[in-house]
Amino acid sequence: GSPKSGKTSLSLELALERGFTLYGDDAVKLNFSDPSHIQISGGNQFVGYKKRHIEHPTIRSHYPQTLPRYLDTAKLGISQTSPTALTTVVFLEPDLFDSNKSSCLPPELGKILFYEAVSREMRSAGYCLVRASLPLPSLDRAQESTYFLNCLQKQNFKFSTLTGNFDKMVNHLEDLIHGK
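Residues numbered from 1 in each chain as written. Predicted model: local features only at pLDDT ≥ 70, side-chain atom pairs only at ≥ 80, totals over all residues. Heavy atoms only, no water.

A look at the side chain of Thr163
As for its placement among the helices and strands, Thr163 is situated in the loop between strand E10 (158–162) and helix H7 (166–177). On the basis of relative accessible area, Thr163 is assigned to the buried category, the value being 7%. A polar side-chain atom of Thr163 sits 3.1 Å from the main-chain carbonyl oxygen of Glu93. (Helix = DSSP H or I, 4+ residues; strand = E, 2+ residues; numbered from the N terminus. Buried < 20%, exposed > 50% of the residue type's maximum accessible area, 1.4 Å probe, protein only. Polar contact = N/O pair within 3.5 Å; in protein donor to acceptor, adjacent residues only side chain to side chain.)

So this is what it looks like as structure tokens:
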């Protein structure tokens, strides 16, 4: 999803209220060493938060005085470090008309959107040193892109879009993760 689309808030809600764990916030590591099974293998353990979670008992028990700018998911006991197969990819979309409409995507379209999202990160699109007018170097080279495309062709992911109000999105996301 785009910045401020609710990715972190949804993840925190699932972890704090429904027993899920997090690999990371914006930086999640994908492992492509086995081309037929892409794995999530780690990520950034520090996450931002919104007002919705400030008074959550788990957060307050670990941060009784003042809250830091970013929460340490390991300290909260909601981080995950063991590699897990990636099986479901969800794209968050804005819901401008309050439609609460989420849908499954055809595999080919899902793979194109997933390739686009991962490639954007590999190219460091959106990351730069503005004051020095310098883009960060790209990690996207022909060999890596071709390998990634070959890996994607071997996957049997479920792809979905997710949109709606927060509570409905949390419920739908949990159903998607559980394969419902």
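Back to the write-up after that little detour.
As for H7
Taking 1.5 Å per residue, 12 residues should reach 16 Å; H7 reaches 16 Å between its end C-alpha atoms and fits that length. Three or more residues of H7 are buried, namely Met169, Val170, Leu173, Glu174 and Leu176. Seen from one end, H7 has its buried residues packed into an arc of 160 degrees, which puts them on one side. Tucked into the core, H7 has its buried residues touching helix H1 (7–18), strand E6 (88–92) and E10. (Expected span 1.5 Å × (residues − 1). Arc of directions from axis to C-beta. Contact = heavy atoms within 4.5 Å.)

Here's the deal with the packing of aromatic side chains
The geometry of two aromatic rings is summed up by the distance between their centres and the angle between their planes. All told, the structure shown has six aromatic pairs when counted by the stated rule. The interplanar angle of 75 degrees and the centroid separation of 5.2 Å between the aromatic rings of Phe32 and Phe148 together place this pair among those described as edge-to-face. One end of the pair, Phe32, is in the loop between strand E1 (28–31) and strand E2 (39–43); the other, Phe148, is in helix H6 (residues 142–153), and 116 residues separate them in sequence. There is no split in this pair, since Phe32 and Phe148 are both buried. Consider the rings of Phe91 and Phe159, whose centres lie 6.4 Å apart with planes at 15 degrees: the pair is stacked. (Phe/Tyr/Trp six-rings, centres within 6.5 Å; stacked < 30°, edge-to-face > 60°.)

Topic: the pairing of E6
Of all five residues in E6, four are buried; the element is thus mostly enclosed. Relative to E10, E6 is paired through five bridges, and the arrangement is parallel. Bridge pairing in E10 places Phe91 opposite Thr161. (Pairing = 2+ DSSP bridges.)

This is a description of form; function is not addressed.
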